[in-house]
Structures are given as C-alpha cells and as structure tokens.
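Chain by chain, the residues run as shown.
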Amino acid sequence: MEAGGLPLELWRMILAYLPLPDLGRCSLVCRAWRELILSLDRTRWRQLYLGCAECRHPNWPNQPDVEPESWREAFKQHYLASKTWTKNAAILETSVCFSLFRRRRTRRTLSVGPGHEFHSLGSALAMSSLFDRILLFPGLHEEQGEIILKVPVEIVGHGKLGEVALLASIDQQCSTTRLCNLVFMPAWFSPFMFKTTSGHVQFDNCNFENGHIQVHGPGTCQVKFCSFKNTHVFLHNVPLCVLENCEFVGSENNSVTVEGHPSSENNWAYTHLLGLIRSSPGVLPTEDSDSLMSLDLESRDQAWSPRTCGIVIEGSQSPTSPATGSPRAGSQEAEMGSNGERVARTPDSSDGGLSPSGEDEDEDQLTYRLSYQVQGPRPVLGGPFLGPPLPGASIQLPSCLVLNSLRQELQKDREAMALASSVQGCLIRKCLFRDGKGGVFVCSYGRAKMEGNIFRNLTYAVRCIHNSKIIMLRNHIHHCRASGIFLRLEGGGLIAGNNICHNAEAGVDIRKKSNPLILCNQIHHGLRSGIVVLGNGKGIIRNNQIFSNKEAGIYILYHGNPVVSRNHIFKGHAAGIAVSESGRGLITENVIRENQWGGVDVRRGGVPILRSNLICFGYSDGVVVGDEGKGLLEGNTIYANKGCGVWMMASSLPHVTRNHVSYNGLYGVAVFSQKEGSGEFPGGHGAQENFSEDGDAVLWETELEKDDPLRRPITIALVESNSVNHNGASGLYIQSSEALHVVTNVIHANRVRGITVAQSSQLTRVANNSISCNRQSGVKIEAQCKVELRGNGIYDNRGHGIITKGDSTIMENDIIGNRGSGLQLLPTSDTKVIKNRIHSSRASGITVQGHAKALVQENTIFQGKTSKTIFQQSSSNQECAIQNNRVLVFKKSDTWRLANPPARPHLENSLRGPSAAHGGQKVTAMATRITAHVEGGYHSKRSIFCTIL
C-alpha cells in the first residue's frame, strides 16, 4: 500500500463489502494488506460470523452477551470444525485406477420439499452419491420407516433454525455424515433419532427434542451449537466424542451418559478430532485468571475478609502484654478471699486468685528473686509469634499456608498436569445443562472431560461410578437439588478450578473407595456440607476455598480417609471440618477460620490426624474432641477463637501435642468428661444426617472396614509439648473423671490460672511443664482431686504458685517468684510436698491453712521478704508433718541460682517426636451434646455449639 493512497478508514469501509473468498485473497497481497484485513475483526469478520446460518454466537449458550477475543479466529475455528467430516473424502473419491488417473467428482445438491426435486429424504438418499448435499426446505419432513445412511452425505436445513423439522429414525452405516440446521424429533415407531456404531457423525446448529441419540465405539461424533430438549445422548465405548457449545434442557434422566472404557479401535476421524481439540483454545488457567485464589487471609472481596473485631483482653492496658496490665480504676479495694488469700476486686478474680495489687512497691525490695529462665511461647508453624488480634488486622501467612493458583499447582504436580491435558472418551466443553434431573453420568470404566460448562437447577450435575474417571476444569455448578458432583464405587479423576455453590446437598460427595483429586475449587454457600467423604471414600482435597456452607466445610465419616491439605475453610455456619462415625483422614496445613462452630469437630469414633493447621478467628472453639472422638492434634496453631482453643473429653483419649494455643477467648485447653441427653441440637432441629444419593430421607448402607491393626491404641489422654498462652481463662482447665497426662507444655500469660483442676477422680499427672506469668495462680487443685505435680517450673505467676484443696503429690518442682505464697495448702487437702525448691518474693514460701493434712519433706525454701515468714501454718494443726527441709535466709553477700539440677522444667530431655494416629472406636447411632461446668462465668455449661449434625 503506497503512502499516497487512500486513508485506512476508507480502505476498511471498502473492504467491508468483500465476501469471504476475496478477503482471503486480499490478505495474501502483502503484509500491510494482511494487517488491514485483520483490523476488520470487529466489523466485517463479526458480520460474516453472525450471518452464517450454520453457527450461533461463539459464546452461546453460557455467555451470549460477551464478545469473543477475535471474531476472525472464532470464524476460523468454526470453519475448520465444519469440515472435519470430509477429511476422508480423498480416500473415498479415489478411483480404482492408478493415482495418475484420479478424478475429482463435483458434489451435487439434492433439494427435498414440496415443489422441489424430491418429496422425501428417503427418496433423495436413494439417488445420492458420495458427499452429496441434501437440502431440506422449510416444513415438516416425516419418514415412516427407518432411514439407513450407506454413503457419506450432508443433510442441511434451508432457512432459519426451526423452519425445518425432521421426524425420523436414522441409522448411520457409512464412514461419515453431517447434519446441520435441523430440528430433530423421534419417529412414531422408535425413540432413537440417530445412532451409529462405527462411523463419524457431525451435528451443527441443530435442535433435538424428546428422543435419544446413540453412538457406539469405535464410532465418533462432533456436536456443536446444538440444543437438546428432554433428549438423552448415550455414548458407549466411544474413543473420542466432542460436545461443544450445546444446551441441554429439561432432561427426565441423564442428559449425557458415557458408559464403558474408550474403545482401543479408532476410526478415521479420531486423529482429526484430536488435532482439532488441541488446536482450539482450551480452558487451562493463565496466571491472570486465578485472581480469586487470594494469597492472604484478607481477600480482595470484602465477603472473604477476616473478622473485623479481634479479641480484646479485659482489664489490660497494653494489647501486647495482657499479663502485666493493671486493674481498672476503682477496683483496688482488697479483701480476704474464700481461700484465705489476699485478692483484689477485679473481673477475673471471682475464684480467689491474686490480682496485681502493689505494683508500685519499691524495686529494691525485689532483690530476693532467683536467677532462672522462664519458658516463653514457641514459634508458630515455623514463622513469627502471633501477637494479640487487632481489629481489622490481617495475618501474614507462612508460605506453607498460602493458596497457589491452579496453574502453579499443575506445574508442581506433573501427574495432575498430564491428567488435565489428556483427552479420552467424551469431551464436553462450554455447554449449559439446566432445569432437568441429571447432567452427565459416567459409569462402567467410562472416561469424560468437562471444561467451562454450567450446570444449574438440576437434581445433580455429574455422577461418576464403577471405576470411571472424570476431568472437570473450570465448570460452574450451582443450585442442584442434591449433590453437585457425586463419586462412588471407585470413581476418580481430577476436579479442578470449578465454582460449586448453592447446592442442596454436598458440593462434592465421595463414597465407596472413590479417590479423586480435588484441586483449587471454590465450594461455597451450600445448604449442607461443602465436601462429604464417607463409606471408605478417599481422595486428595488440596488448595480449595471452602466457605459459607450451612454445615461442615468438609465432613468425613464412615471410614472416609481423605488427605486434606492447604485449603482455606472459612465462614461456615457449622464446623470447618467434622470427623465422626469412624472417619479418618490426614488434615494438614489448612487455614480454618471464622466458622460458627468448632474449627475442627471430632467425635463418635473419628480418628483424624490434624497437623500444622491454622485454626483461628472462630466464633466457637478451635478444636472439639467430643464423645468417642480420638486422633492426633500435632503442630497446629489455634488462635483467637471466641471459645476454647481445644475442647476435649478425656474419655475420648485424644493426643494433643506440639500445638500453639493462644489468644482464645476462654480456656486454652479444656478437658471434660460430663455429657447429657442425646439428640439435642440448636434450634430444635433433628439429629439424623441424610446421605442418600438424591436427597431422599433414606438410610445409607455401607460395609464398615475392620479396625486397622497397625494403629496402636492409647489408654490415657495426653496433652504434651504444647504452647498455651494469652488465653482468656485458664491455660488448661480439667474437669474429668478420666486419667490424664499433661507433659512438657509451656503455659504462659493466661488471663486466669495456668492450670485449674476442678475435678479429677482418677490421677492427673502434670510433669515437666513451664507454668509462668499467668494472671492468677500457677496451679489450682480443687477438693477431692487426685493430682501429681512433678518436675514443673512454676514462675512469676501473679497469684500463688500452687493452691491445693485435693489429694496431691508435689514433688521436685521449682516454685519461684510468684506474687502470692509459693505453695498454699487449704483445708481438706492431703498433700505430699517433697524435694521442691520454693521461693516467693512477696509472701510466705509455704502457707498451711486450717486442718490441712500435709507432709513437707526435703524441700529447699528460699526466704522471701524480710517481713514475711518462710513457713506459715496454723498452730492447732497436728496433721502437718515437716521433716528435713532446708531453709535459706538471704544475706547481701549471697547470690542464689538454681543449680544441681538446673531450673526446671528440663524440656530438652522430655520432648517427644512426631506421633502417629491411634485406633478408632465403634460407630454410635445418635449425636450427643457435650456439657460441662465452667469456672468463673466464662462458659455456660458446655462447649460453644460443640454439637455437629
């Protein structure tokens, strides 16, 4: 094009009148002309595409109002697809002579209709030759007998879609055929409108009503821009079938059934279809398309942001140091508590613990402190320590908890990438399934791939059973009357990047040894659970966003055993993850936040492994281990929940180890054993869960596996090596009739006591723990409790070091630097105090009140203030035996240090390695509500919403 030529705008106006062949020739003139032709994309190319009677809008039926990226490219893809059926024409049209004498026959056009060459389709087919075009003119064409296609032909309706209706039953026995722009209806004698067993059929821009289409392998089919109304497409052993840009409406059964393993025998069209699929744009994600997978707890969508109100620690002046705050003004009036200890009237001293009165004392009076090291909180998930929750603040997640995009996950998992890229069996792409019973049913070793489809207002979207495999990418599944995706009987495959929401049952239902990979989906606003795994179901559930479901985000039961990792489960109306009825599973590196009930709820024989999860901002307890729940809680961060950090029953024998439990509203760890009537639920709803396939209230049948002999049972509940700090009530609260071991924990800066033992009819063993800087006493033991304290370091608590009314053995502990007495023995107590090192900077080392029975033997007691005695007891008490104790009186030249042995606890010699999960128990038939008495007005008799459906 010369510089002195016409303006480009004028050239575009002229070229807009050219037909398609002339546009192609102009694009071959030179590079400038080619660029000019390409610039007509929104004008001439759009006009050519929409003027073609054989195709609809390129984004029909899902997004008919959205223009494609390129009208020219869309027109090109449609043109290439429409010619697939003729790819074997060269072979069929070759004469039997030598290749030198090959002749090319001109295709004929046969017209059918009133006033035309043929009056019926059958008569036209009888006169047709290879690749002839049969043109049906407007009207109703009804065939009284079955039509058999013996030669390749093209049958096209003339005029607009809907003007040509064909009532026929067609049996294709030739290698290829194409049908376009027709309305198909079944003949009076057969429900089958079309069937083929070996050839290739291509449907373009057709409507099918109230009948069936059947394709048997090695036959293939290609269906594009077609509408199916109450029509069933049955594909049996097909090696490859493509359904693209189609609409399925009002099916009374399944819209598409894919049955049988893809045939190993392929027809001529298989290679051409495969090439066409790989050359067309797919739906595999790009980096920009994964923006919904947020990299932080605070999403770009306000609906997904964390709770805007943190937990404010009452009575604390500084949010960063609640253990050192001063009481409110007007609360300094002191009185004698019921236990005989000096307390101040503060909101958290109702049980008689000391409040921090006397903070303005002269600092030189505190020179009697010993040299020792207090164990502080441990690191969180390999990252920095989590501070107090602040309103509107987000949490910086460690890298192991950040969600990846789908592309990142596929790049990391080569097996998943190969699966996502594979095509076998049936490919369903950009289709709409609506207002019927079923969408796609894959059975008996069938294979199906679904990309970019919409499933809405169906009973279910996809069912996969009997060793079948499905690949689902970027589909939208919503408002199903039962489960969205249902897998059973060893079904499997890849479910990735889908939006699954507003379904009446579970978003994904996995049963009976099915084992899918569920990756990077958004599963939300379901009327039941997000994902259900039961009946020996397995699966890998990774990197999903599961939120705002009315029941548990993930529900595992009846020997379900999935791997649940790196998911964000939040804002559910029940538990984040619920495990019951002998459910198992490995639950690791998930972010579980802002759920109405427990972040994780385990009961009725559930035996999960919870490892390295962040469970935070819940409106109830962080983790609930209820009646007959078991399992392992290891390395989790349980943070800023409104209820308890961990609420558990000692009779369930859980193993709680290496967790970081901090800034929860009530107890850090609460251990109970009481329970009351079964079958009670909030709001009076029924307790029976429904797991029928279509939502009917029927019983679910399954064969339960036998207990795994490799899982060793444990006989005592164990709380070991945890960091429990800055919680709103006691760090550890025990009200249980079962034995319990509390070993090598760091219990620090809690709002009430370090450990409260309110009930313990069997022995509670507290060994090698660091209990420090708690707002009231370090340890309090109520009457009739059996407790052994051994090897603990109890430091700098703002009340007494230990208060006991029960039957306790206190041996080889360091009780140093507490504001009250180091050890206070109250009436009704029966205590052995042996080989401890005791010091109090402001009160007596040991105080014995009333007729407490005690044996105080071989202890080292350091002098406190000069105005206080080292040992104080009632003169009338004859049941207190004091033997062989060593009393050290302070001198200015002395330097006291804890040595031989060094300061307790000796954690480096006591920490245990990672533990395995332990055996399950029998399934119970009814849900039970767990209840317990709670100290000081913090709880109202039970774990907050600890019952799950």
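Residues numbered from 1 in each chain as written. Predicted model: local features only at pLDDT ≥ 70, side-chain atom pairs only at ≥ 80, totals over all residues. Heavy atoms only, no water.

- An unreviewed UniProt entry annotates the protein chain as F-box protein 10 originating from Rangifer tarandus platyrhynchus.
- Taken verbatim from the UniProt record of the protein chain, the Pathway (unreviewed entry) comment is "Protein modification; protein ubiquitination." (UniProt positions renumbered as here; feature names shortened; annotations may be inferred.)

## Quick look at the packing of aromatic side chains
So, step 1. Under the counting rule described, the total for this entry stands at 19 aromatic pairs.
So, step 2. Centre to centre, the rings of Phe433 and Phe455 are 4.7 Å apart; their planes meet at 10°, and the pair counts as stacked. Of this pair, Phe433 sits in strand β23 (residues 432-443) while Phe455 sits in strand β25 (residues 454-464), and the two are 22 residues apart along the sequence. Accessibility classification places Phe433 together with Phe455 in one group, the buried group.
So, step 3. Connected via pairs of aromatic rings, a cluster forms that spans Phe184, Phe194, Phe203, Phe208, Phe228, Phe248, Phe433 and Phe455.
So, step 4. Above the ring of Tyr460, the side-chain terminus of Arg463 is found at 5.3 Å from the ring centroid.
So, step 5. Just above the ring of Phe570 sits the side chain of Arg593; from NZ or CZ to the centre is 4.1 Å. (Phe/Tyr/Trp six-rings, centres within 6.5 Å; stacked < 30°, edge-to-face > 60°. Helix = DSSP H or I, 4+ residues; strand = E, 2+ residues; numbered from the N terminus. Buried < 20%, exposed > 50% of the residue type's maximum accessible area, 1.4 Å probe, protein only. Lys NZ or Arg CZ within 6 Å of the ring centre and 35° of its normal.)

## Quick word on helix α3 (residues 31-38)
So, step 1. Listed in full, the buried residues belonging to α3 are Trp33, Leu36 and Ile37. Taken down its axis, α3 places every buried residue within 100° of arc, on the same side. In α3, those exposed residues whose orientation departs by more than 90 degrees from the buried face are Arg31 and Glu35.
So, step 2. As for α3, its buried residues are in contact with α1 (8-15), α2 (20-26) and α4 (41-50). (Arc of directions from axis to C-beta. Contact = heavy atoms within 4.5 Å.)

## A short note on the pairing of strand β63 (residues 786-790)
So, step 1. As paired strands, strand β60 (residues 764-767) and β63 are joined by four bridges and run parallel to one another. Across the sheet, residue Arg765 finds its bridge partner in β63, namely Glu788.
So, step 2. Pairing of β63 with strand β66 (residues 807-811) involves five bridges; the strand directions are parallel. Bridge pairing in β66 links Lys786 to Asp807. (Pairing = 2+ DSSP bridges.)

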